[in-house]
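Single-letter residue listing:
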Amino acid sequence: LLYDDEHSEYKAKYPDQFRFDYAVSREQKNAAGQKMYIQTKMAEYTEDLWQLMQKPSTHIFMCGLKGMESGMEECFSPIAQKNGLDWKEFAKGMKKEGRYHVEVY
C-alpha cells in the first residue's frame, strides 16, 4: 500500500494526532460482504470525521480514481445537511483553505 510505512510511523509517533485507514476494494469486504469502497469505509467514521473537519488543523487527503469524489459527497452530504450546510460548498471552502487535497486520475 502506498505510504503504508510512513503512515504507520506517524501513527506510532503521534497516536493522539494521527489516524489513517484504507479502503481497498479488491481486497476488503464491507459488513454486507460487498467490495469495500471509500464511502463505505468513511461511513464507519462519519461523525468523527465530520467533527474533525470542523477544526482548522484538519486536512483531508483523497487519492485514487476520479469516481471516489462522488463517494465523498455520498458519505458527507447527509451530515452536512443535518448541520445546515451543503457538502459541495463545505468541501470548496476546505480546498480554498488548503485543507482538502485531492489526487485523482
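Coordinates for the structure precede this section.
Residues numbered from 1 in each chain as written. Predicted model: local features only at pLDDT ≥ 70, side-chain atom pairs only at ≥ 80, totals over all residues. Heavy atoms only, no water.

Next up on the list: the pattern of salt bridges. Taken as a whole and judged by the stated rule, the model has 9 salt bridges. Across the pair Lys-82 and Glu-47 runs a salt bridge, and its minimum N-O distance is 3.4 Å. With a gap of 35 residues between them, Lys-82 in helix α4 (residues 68-82) and Glu-47 in helix α3 (residues 46-53) connect regions that are remote in the sequence. Classification of Lys-82 by relative accessible area gives exposed; the value is 63%. The salt bridge partner of Arg-99 is Glu-97, with a shortest N-O separation of 2.7 Å. Classification of Arg-99 by relative accessible area gives buried; the value is 6%. What emerges from the salt-bridge pattern is a single network uniting Asp-21, Lys-41 and Glu-44. (Salt bridge = Lys/Arg side-chain N within 4 Å of Asp/Glu carboxyl O. Helix = DSSP H or I, 4+ residues; strand = E, 2+ residues; numbered from the N terminus. Buried < 20%, exposed > 50% of the residue type's maximum accessible area, 1.4 Å probe, protein only.)

Within an α-helix, residues lying three or four positions from one another point in the same direction, as the helix has 3.6 residues per turn. Turning to helix α5 (residues 87-96), its buried residues number three or more, namely Trp-87, Phe-90, Ala-91 and Met-94. Projected down its long axis, α5 shows its buried positions confined to an angular sector of 95°, all on one face. Across α5 from its buried face, at more than 90 degrees, point the exposed residues Lys-92 and Lys-96. Where α5 starts, the residue carrying a side-chain oxygen 3.3 Å from the main-chain nitrogen of Lys-88 turns out to be Asp-86. Following α5 by one or two positions, Gly-98 has its phi on the positive side, about 75°. (Arc of directions from axis to C-beta. Polar contact = N/O pair within 3.5 Å; in protein donor to acceptor, adjacent residues only side chain to side chain.)

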